[in-house]
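Geometric and topological summary
Residue-level listing of the chains:
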Amino acid sequence: QVQLVESGGGLVQPGGSLRLSCAASGSIFRFNAMGWYRQAPGKERELVASITSGASTAYADTVKGRFTLSRDNAKNTVYLQMNSLKPEDTAVYYCFLQRLLPYSTNPNYWGQGTQVTVSS
């Protein structure tokens, strides 16, 4: 079993920054992707950013140039640095872990979610 523990959400003013962390523990797939989805009220959950165990990254167009995802494989932890935050970034952010080999179409594990609110 795998546990994902998130931290770092909160309230920030527009233009501000936050850093989210997600630590994985348990039987972690050797080849995997980790990252973040988010879900705003009344909207579907969307992929924000992902990073593979080989450090390949992908970002949603809406966050490119503002968010940076990194990982520390020794700690099984990913970090989402969010800069130049906008009110439309307000959402619950969910960490995920997805098996890549064999490939899993959807995330296999989810964190509990952390609220990010961007407001003046």
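Given the structure is predicted, the values throughout are model-derived calculations rather than measurements. (Residues numbered from 1 in each chain as written. Predicted model: local features only at pLDDT ≥ 70, side-chain atom pairs only at ≥ 80, totals over all residues. Heavy atoms only, no water.)

**Some words on the environment of Val116**
Tracing the backbone through its elements, the reader meets Val116 in strand β11 (residues 114-118). Note on Val116: relative accessible area 0%, which makes it buried. Separated by 13 residues in the primary sequence, Val116 and Tyr103 place their C-alpha atoms 30 Å from one another. Leaving out residues up to four positions away in the same chain, Val116 has contacts with Gly9, Gly10, Leu18, Leu20, Met82, Asp89, Thr90, Ala91 and Tyr93. (Helix = DSSP H or I, 4+ residues; strand = E, 2+ residues; numbered from the N terminus. Buried < 20%, exposed > 50% of the residue type's maximum accessible area, 1.4 Å probe, protein only. Contact = heavy atoms within 4.5 Å.)

**A few points about the pairing of strand β8 (residues 77-82)**
Among the six residues that make up β8, five are buried, leaving the element largely enclosed by the rest of the structure. Here strand β7 (residues 67-72) pairs with β8 via six bridges, running antiparallel. When the bridges of β8 are listed, Phe67 appears paired with Met82. In this antiparallel pair of consecutive strands, β7 and β8, the connection spans four residues, and Asn76 shows a positive phi of 50°. (Pairing = 2+ DSSP bridges.)

**With respect to the side chain of Arg66**
Looking at the element boundaries, Arg66 is found in the loop between β6 (57-59) and β7. Looking at Arg66, the relative accessible area reads 10%, which means it is buried. Within polar-contact distance, the side chain of Arg66 engages the side chain of Asp89 at 2.7 Å. (Polar contact = N/O pair within 3.5 Å; in protein donor to acceptor, adjacent residues only side chain to side chain.)

**Details of the side chain of Thr114**
Mapping Thr114 onto the fold places it in strand β11. Overall, Thr114 belongs to the buried group, its relative accessible area being 13%. Once you skip the residues sitting within four places of it in the chain, Thr114 turns out to touch Glu6, Gly9, Leu20, Trp36, Ala91, Val92 and Tyr93.

**Re unusual backbone geometry**
Of the consecutive residues Leu101 and Pro102, the connecting peptide bond is found in the cis state with omega at -10°. Here Pro102 is to be found in the loop between β9 (91-99) and β10 (109-110). Here Asn76, not a glycine, exhibits a phi torsion of approximately 50°, which is positive. For Asn76, the location among the structural elements is in the loop between β7 and β8. In this structure, Ser84 is a non-glycine residue whose phi angle is positive, near 50°. When you line up the elements, Ser84 lands in the loop between β8 and β9.

**Observations regarding the state of the cysteines**
Taken as a whole, this structure holds one disulfide when the rule is applied. At a sulfur-sulfur separation of 1.9 Å, the disulfide partner of Cys22 is Cys95. Between Cys22 and Cys95 the sulfur-sulfur dihedral comes to about -80°; the bridge is accordingly left-handed. Here Cys22 is found in strand β3 (residues 18-26), whereas its partner Cys95 is found in strand β9, with 73 residues between them in sequence. Judged by relative accessible area, which is 0%, Cys95 ranks as buried. (Disulfide = S-S within 2.5 Å.)

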